[in-house]
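Working through the structure, step by step
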Amino acid sequence: AHAKRRGWKVAVASSSDRAGLRRKLINGVLAHSRAISRLSAFDTIVSNDDVSKHKPDPEIYLLAAKRLGVEPKNCWVVEDSATGVLAGKRAGMRVAAVPNEYTRGTNDFRKADVVLKSMAEVVGVFDWAP
């Protein structure tokens, strides 16, 4: 909701297949978010089914940027894995890493522009981002 109020476009670019991603978004993000209540809140959703190369290849992020009509250098990626961080950086995007319970302590997030403790901190990063 914060991004939308600022006129920013929002995409999901996930390594999950389309059906699995849809389930994750509905049962996870939509079910637990006060900011997003429907899939149409996202300007585009890109899954592994839409690309031939997978993370850490940047193809999925480049496709998301293309669908949004936004230059990669003007995009922020929010990632929970080192593989995704690398894909975002290879796409020429800025990356905020938010490790999850499985990747915290096991993934190297040093390539990210910023490492956050929770998704709640993401808005603060976007507030200072040029």
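Up top is the structure.
Rules of the game
- Residues numbered from 1 in each chain as written.
- Predicted model: local features only at pLDDT ≥ 70, side-chain atom pairs only at ≥ 80, totals over all residues.
- Heavy atoms only, no water.
- Helix = DSSP H or I, 4+ residues; strand = E, 2+ residues; numbered from the N terminus.
- Core = buried A, V, L, I, M, F, W, Y, C linked by side-chain atoms within 4.5 Å.
- Buried < 20%, exposed > 50% of the residue type's maximum accessible area, 1.4 Å probe, protein only.
- Contact = heavy atoms within 4.5 Å.
- Pairing = 2+ DSSP bridges.

1. Points about unusual backbone geometry
Of note, the amide linkage connecting K55 to P56 takes the cis form, showing an omega dihedral of 20°. Examined against the element boundaries, P56 turns out to sit in the loop between β2 (44-46) and α3 (59-68).

2. So, the nonpolar core
In terms of nonpolar packing, the biggest core is built from 17 residues, with A13, I60, Y61, V85 and M93 touching the most fellow members. Mapped onto this core, the elements with two or more residues apiece are α3, α4 (82-90) and β4 (94-97). Take this core: its biggest share by element is four residues, from α3. Not counting residues up to four positions away in its chain, the partners in contact with M93 are Y61, L62, A65, P72, C75, V77, G88 and D113.

3. Quick look at the sheet that holds β4
The three strands are arranged β3-β4-β5 in an open sheet whose pairing can be described as parallel. With one partner strand each, in any of the chains shown, β3 (76-79) and β5 (114-115) form the two edges of the open sheet. Note that β3 and β4 share four bridges and pair parallel. Bridge pairing links V77 to V95 in β4.

That's the geometry; what it means functionally is another story.
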